[in-house]
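Coordinates in review
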Protein chains: 6
Amino acid sequence: MTIFVVNPNCSQQVTVGIDRAVDPMRSASPVPIETCTLTEGPPGIETQAHVDGVVALLLAHCAALEAQASGFVIACYSDPGLAALREQSSHPVIGIAEASILTAMMMGQRFGIISILSASIPRHMRYVGAMGVMDRLAADRPLELGVADLANETVTWKRLVQVGTNLRDEAMANVVILGCAGMTAYRARLEQELGIPVIEPCQAATAMAIGRVALQKALEGK
Amino acid sequence: MTIFVVNPNCSQQVTVGIDRAVDPMRSASPVPIETCTLTEGPPGIETQAHVDGVVALLLAHCAALEAQASGFVIACYSDPGLAALREQSSHPVIGIAEASILTAMMMGQRFGIISILSASIPRHMRYVGAMGVMDRLAADRPLELGVADLANETVTWKRLVQVGTNLRDEAMANVVILGCAGMTAYRARLEQELGIPVIEPCQAATAMAIGRVALQKALEGK
Amino acid sequence: MTIFVVNPNCSQQVTVGIDRAVDPMRSASPVPIETCTLTEGPPGIETQAHVDGVVALLLAHCAALEAQASGFVIACYSDPGLAALREQSSHPVIGIAEASILTAMMMGQRFGIISILSASIPRHMRYVGAMGVMDRLAADRPLELGVADLANETVTWKRLVQVGTNLRDEAMANVVILGCAGMTAYRARLEQELGIPVIEPCQAATAMAIGRVALQKALEGK
Amino acid sequence: MTIFVVNPNCSQQVTVGIDRAVDPMRSASPVPIETCTLTEGPPGIETQAHVDGVVALLLAHCAALEAQASGFVIACYSDPGLAALREQSSHPVIGIAEASILTAMMMGQRFGIISILSASIPRHMRYVGAMGVMDRLAADRPLELGVADLANETVTWKRLVQVGTNLRDEAMANVVILGCAGMTAYRARLEQELGIPVIEPCQAATAMAIGRVALQKALEGK
Amino acid sequence: MTIFVVNPNCSQQVTVGIDRAVDPMRSASPVPIETCTLTEGPPGIETQAHVDGVVALLLAHCAALEAQASGFVIACYSDPGLAALREQSSHPVIGIAEASILTAMMMGQRFGIISILSASIPRHMRYVGAMGVMDRLAADRPLELGVADLANETVTWKRLVQVGTNLRDEAMANVVILGCAGMTAYRARLEQELGIPVIEPCQAATAMAIGRVALQKALEGK
Amino acid sequence: MTIFVVNPNCSQQVTVGIDRAVDPMRSASPVPIETCTLTEGPPGIETQAHVDGVVALLLAHCAALEAQASGFVIACYSDPGLAALREQSSHPVIGIAEASILTAMMMGQRFGIISILSASIPRHMRYVGAMGVMDRLAADRPLELGVADLANETVTWKRLVQVGTNLRDEAMANVVILGCAGMTAYRARLEQELGIPVIEPCQAATAMAIGRVALQKALEGK
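The rules behind the values
Residues numbered from 1 in each chain as written. Chains lettered and ligands numbered in written order. Predicted model: local features only at pLDDT ≥ 70, side-chain atom pairs only at ≥ 80, totals over all residues. Heavy atoms only, no water. UniProt positions renumbered as here; feature names shortened; annotations may be inferred. Helix = DSSP H or I, 4+ residues; strand = E, 2+ residues; numbered from the N terminus. Rg over C-alpha atoms; globule rule 2.2 N^0.38 Å. Buried < 20%, exposed > 50% of the residue type's maximum accessible area, 1.4 Å probe, protein only. Contact = heavy atoms within 4.5 Å. Areas by Shrake-Rupley, 256 points an atom, 1.4 Å probe, with all protein chains shown as cover. Lys, Arg positive; Asp, Glu negative; His and termini not counted. Charge placed at Lys NZ, Arg CZ, Asp CG, Glu CD. Buried area = accessible area lost by both parts, 1.4 Å probe. Salt bridge = Lys/Arg side-chain N within 4 Å of Asp/Glu carboxyl O. Polar contact = N/O pair within 3.5 Å; in protein donor to acceptor, adjacent residues only side chain to side chain. Least-squares fit on C-alpha atoms with pLDDT ≥ 70 in both. Pairing = 2+ DSSP bridges. Axes fitted to C-alpha atoms, helices over the stretch in contact; angles between N-to-C directions. Domains from an automatic or database assignment. Right-handed = clockwise from strand over helix to strand, strands pointing away. Expected span 1.5 Å × (residues − 1). Nonpolar A, V, L, I, M, F, W, Y, C, P; charged D, E, K, R; others polar.

As recorded in an unreviewed UniProt entry, chain A goes by the name Aspartate/glutamate racemase family protein, listed as coming from Pseudahrensia aquimaris. The UniProt entry for chain A carries the following text under Sequence similarities (unreviewed entry): "Belongs to the HyuE racemase family."

Attention now moves to the overall build of chain A. Each helix and strand counted, chain A has nine helices and eight strands in total. Taking 222 residues into account, the globule formula puts the C-alpha radius of gyration at 17 Å, and chain A, at 17 Å, falls close to it. Along the longest, intermediate and shortest principal axes, the C-alpha atoms of chain A span 45 × 40 × 30 Å. Relative to its full complement of 222 residues, chain A shows a buried share of 66%. Across chain A, every contact between residues at least 6 apart in sequence was considered, and the portion connecting residues at least 24 apart equals 67%. A total of about 7,300 Å² of accessible surface is found on chain A, and carbon and sulfur atoms cover 52% of it. Looking at chain A, you have 16 positive and 21 negative side-chain charges, and the mean spots of the two groups are 5 Å apart.

This next bit is on the interface of chain A and chain B. The interface of chain A with chain B comprises 37 residues on the first partner and 37 residues on the second. Interface of chain A and chain B: buried area, both sides summed, is about 3,400 Å²; carbon and sulfur atoms make up 67% of it. For the interface between chain A and chain B, the tally reads zero salt bridges. Viewed at the interface, chain B and chain A are joined by eight residue pairs in polar contact (both at pLDDT 80 or more).

Note that the two copies of the chain are related through a rotation about an axis and a translation along the same axis. Aligned on chain B, chain A shows an RMSD of 0.0 Å; the corresponding rotation is 180 degrees and the shift along the axis is 0.0 Å. On the angle and the small slide along the axis, the relation comes out as a two-fold axis. Considering only C-alpha atoms, the residue of chain A closest to the rotation axis is Gly211(A), which sits at 2.2 Å.

Residues and elements named next belong to chain F. Strand order in the open sheet formed by four strands is 2-1-3-4, with parallel pairing between adjacent strands. Two strands lie at the open edges of the sheet, namely strand 2 (33-37) and strand 4 (93-95), each paired on one side alone. Strand-to-strand twist in this sheet, taken as the mean axis angle between neighbours without regard to direction, amounts to 20 degrees. Note: strand 3 (residues 69-74) against strand 4, three bridges, orientation parallel. Of the residues in strand 4, the one forming a bridge with phenylalanine 72 is valine 93.

Residue and element names in this part refer to chain A. Domain annotation for chain A reports domain 1 (2-95 + 202-221) and domain 2 (98-201). Here the C-alpha centre of domain 2 lies 21 Å away from the C-alpha centre of domain 1. At the interface, 20 residues of domain 1 touch 23 residues of domain 2. The contact between domain 1 and domain 2 buries some 1,500 Å² in all, and 53% of this surface belongs to carbon and sulfur atoms. Together, Tyr77, Ala204 and Met208 form the three largest contributors to the area buried by domain 1 at its contact with domain 2, with a combined 41%.

Attention shifts here to the arrangement of the chains. A minimum C-alpha distance of 12 Å separates chain A and chain E, which share no contact. With no contact formed, the shortest span from any C-alpha in chain C to any C-alpha in chain F equals 12 Å.

Right, let's talk about the relation of the copies chain E and chain B for a bit. When chain E is fitted to chain B, the residual RMSD is 0.0 Å, and the transformation amounts to a turn of 120 degrees plus an axial shift of 0.0 Å. In the structure described here, the two chain copies are related by an operation that fits a three-fold rotation axis. The rotation axis passes nearest to the C-alpha of Asp135(E) in chain E, at a distance of 4.9 Å.

All names here are of chain C. Residues Val175 and Ile177 of strand 7 (residues 175-178) are buried on one face, and the alternating residues Val176 and Leu178, pointing to the opposite face, are buried as well. Pairing of strand 5 (residues 111-115) with strand 7, which is carried by four bridges, proceeds in the parallel orientation. Directly across from glycine 112, in strand 7, lies its bridge partner valine 176. Where strand 7 and strand 8 (residues 198-199) come together, two bridges link them in parallel fashion. When the sheet's bridge partners are listed, valine 176 is paired in strand 8 with valine 198. Handedness of the crossover joining strand 7 and strand 8 through helix 8 (residues 187-194) is recorded here as right-handed.

Residues and elements named next belong to chain F. If you check helix 5 (residues 96-107), its first and last C-alpha atoms are 16 Å apart, about what twelve residues at 1.5 Å a residue would give, namely 16 Å. Within helix 5, eleven of the twelve residues are buried, which leaves the element mostly enclosed by the surrounding structure. Of the positions making up helix 5, those classed as buried are Ile96, Ala97, Glu98, Ala99, Ser100, Ile101, Leu102, Thr103, Ala104, Met105 and Met106.

Take the interface of chain E and chain B next. Between chain E and chain B, the residue contacts involve seven residues of the former and nine residues of the latter. A buried area of about 640 Å², summed over both sides, lies between chain E and chain B, and 57% of it is on carbon and sulfur atoms. When the area that chain E buries against chain B is broken down by residue, the three leading residues are Gln109(E), Asp135(E) and Met172(E), summing to 68%. For the interface between chain E and chain B, the tally reads zero salt bridges. Joining chain E to chain B, the criterion identifies one residue pair in polar contact (both at pLDDT 80 or more). Partitioning the side of chain E that touches chain B into residue classes produces one nonpolar, two polar and four charged.

Right under this line is the structure:
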């Protein structure tokens, strides 16, 4: 039985980054953690059409894994197909946006989100509203850097510090969530710079999946 | 290193019940799980004065365990000392009320709470308000059974079914939380009766603690 | 130029019902109103997988109509693809759930929703939360009748009156929304029975589309 | 039968501006649109006393028009008498504040409001709270220009751009509402400058009135 | 200097009831408390038109008293003219609805409101929304008794107990507000019956006015 | 019978400042107002552990005064022991944070809070959330001055003006609350500087206690 961390875009490079992020947790997991790539998915999930369009593919992908699975993590910050996969699977299903927000709620009273582009923020706002936790949101602010620009480490770091500082000092965030899997590598450095917790959502979600796998044992044991 | 599940009342019997509830998770935990009793605590935590009064004792108890701890679970549904222990400890600190609510938010859109007595509900409401998740609450309804009455299994079961059915059908709850450690033994049976998930908060909190211990590895590994 | 009212399921019978509902508005519309059926869609949209799965089909269907369109109405109470179609089209796009809720907000302080089955309610709750209008919701209650059962007029009417009365008297709703296109034929009769406004969402949405087509003239005229 | 757009202040010049704003919609309306002036009203509605004081006059004015009316638009951003006129009239009654906010909710996830003076903002906040849509508000910010100052186009434009830019970039608004009929002439230019939708509330309200007149046909036809 | 408790309807009998309710507070007030009747007001304030229509009269009435006043209490549960009188007067202005709700928030976590008729509830809901305290409202439920029916003590008492019990046991209210000045005489008896605090709003408001008169001394003394 | 204003820290100097702040109200109070110091308390209440730890002491202190008391004011902005003392005492119990917020809600639509340090803000946010009034909060911003730094009048005044101006102009607060008893002496001067009401919480709470003492007479008189 395995926790499957599914990257719903087709970028193998993103999957590699996710794998690196969750790798230290493998030794603490009761079951193997396997990252995989939705090879039929789009190169990146940037629009609502991408979010909705990937769901059928994701459901099929996970249906094929159902028998071997202890749980699923959907590793895209729009949590595509989260509700649908929960309807389909009998295992715990964790979305990285939802899990990172719930984790942030234990680490600070108000959470900030760093988004890649301002175009994703309305989508996040609908989601935070659907979760019913708008009062805990400090702000969601964009780097205004495209995925290509993220390759430029100097520019990305500068913007991460600017936006993170703004979230901490202007929006009064007590904890910051990296609102995209592409910022994984900056987590520890940004946390040190800001002096408040910084959450990488794939890690937060995989941690919750590990907890839920343990919980399943209690549920079945009773 | 150990996850300590601290029962902040002095009832050894309650601690035994908690231990039984979390026992099946031990095989899935990367570290030992140890339950313990705050022997200087009150026999039960029933008033706000009990909640506030137990905090200093709890902090001292946990300070003594800090060096051996991977994390702490506060095993009382009023989450006494949660914020204070988070200020004191460098490890993850999980409260069973908060953790059960966050877990419920992944298992259903609206959660119901079954309380022992109506007197605890205003305290719960302040807490759900402080968490900022009032829109996710279906209702919090009381058994109106004192702790002594809980020993009467026939009466307790009858009221659990009545209140749970009311939460599901009138308040439209999609998931139900047992709002007291004393109802642990009824979880599976009530879930089967109601046909919607029923969460035992000590289990939910310990599961989150296991996840957070795993997460710490990722945070330190980066 | 035309307002297209798109039924995203493949049931021609449902489309006929929608057409009958909006027909009296044709004489008041500045442009033709055309109902159409997503023939590749599922027979009914009952699960989250159906909601997400129909989006790509709907986007393709509407892309083909874009040049002839003044606006689009998505005629399913889950508003599938609403955000995505708004990203794709340069015309006003109206979802029947959103439009019926916004219309209800002008007709009464608290709105109730009558759903077919309790399984759709969590989906509705996420949506009402994403809209940020949870404080205006009185309650969402199910008929617990499947689509097949709706054919039984006696049973359906009895349940509509029961649920509508409960929404009015227990949940204190001032206006009621029919949360499914299959209840169209009962609107006037239920309104008369309850003595408060009853909203049929396809009508409400098409009315808003007519208004938006008029608004476009003002936006372009300035 | 006619849609009456009632300017509740006695300034004929304001009525002329409103008429110009809604004029392009006349060709798309199933009934005539007539603007009129509450000649007994105050020169401007600037205080809560003005808002409350104008209601009796407005009710009398509209009572006289009831027999000829298809619907009423109250063309003042404080929506004076909206609830009272709804109690009195059997036709749809639309307030420009409410209608512009509901329209904004279909055009963007978070709306900003540009007010003339900071003194009107508490009144707006009570109204947004009464509507139950505070979570959708990005911010309400003032030009701090009196009505006389609005005649100075250079100053007004400069402030509109400053405040609009602040709403878009700091408050993260996705759509902006002009919170006063006196800014009508700047709508298109400001929308172009900001690159996000800008809503003129008299136009939004009249569009909704047109939709509601169409809806009445469906309600009566059934 | 005097606290003026203004009954904005013209019923001298209502004023007498208010006077009796606040009379025991006179010995604890630093200034005289005088009740007065808006003789030009309507016999009762039952519609939104009444609420709005009485404001100009009330403002004039209070302007004439301004020089002798320490503060004003508006003694109608719709708080007519509250915001307008605050703009006009330099003294503390207290509305009985607002003051009773703020008082209830210190006496219990969730408050219930007993209204005369269901027609007043939407008005109350807009007000609770404008106050931003919807999460503290348990429910607002009507006696469905007209003012005339209130003269029938047997019927009124029976309904008060029914509605109060429903608020306490179904809506889980911890404190109940009498949502109309006409129920003053039943406060103590209902409180005894229900076993939870029952607030008479004229008393709560006058108490707050006494406090505010004291506060003014501190504000001026510094 | 006496209103006891209890400073829950052991600093006699703080008590002196509180006494000076409430002194002008004595002439307007129906009963004596006595300030006292919890001599066993910590020198200052700066952490959640201090807040929780002081409760048992406070309860004992107030139990000893119960027979002579008309009411209690807890004079620390974290309102330590408020709910517990309400359970214990039969008199009105007022917390300075709650009372200042309720008072602010009558003086302006949105209130700002000036905190000493950013570390207290999460505690305040939990409290505002528990009160259910988050929608009325403009912002809570810190001076970032320690208690020692407050002795430096030049620095403190400069920061008070900076933070107060930011709350008024950026966060759009209509009224400002001094979120610590140590800022009492600056109230009048800051109100004059900002041009909006500034609330000193010990004064606001004592004023409410005076009102509640008056209310008790009415409650008993009926």
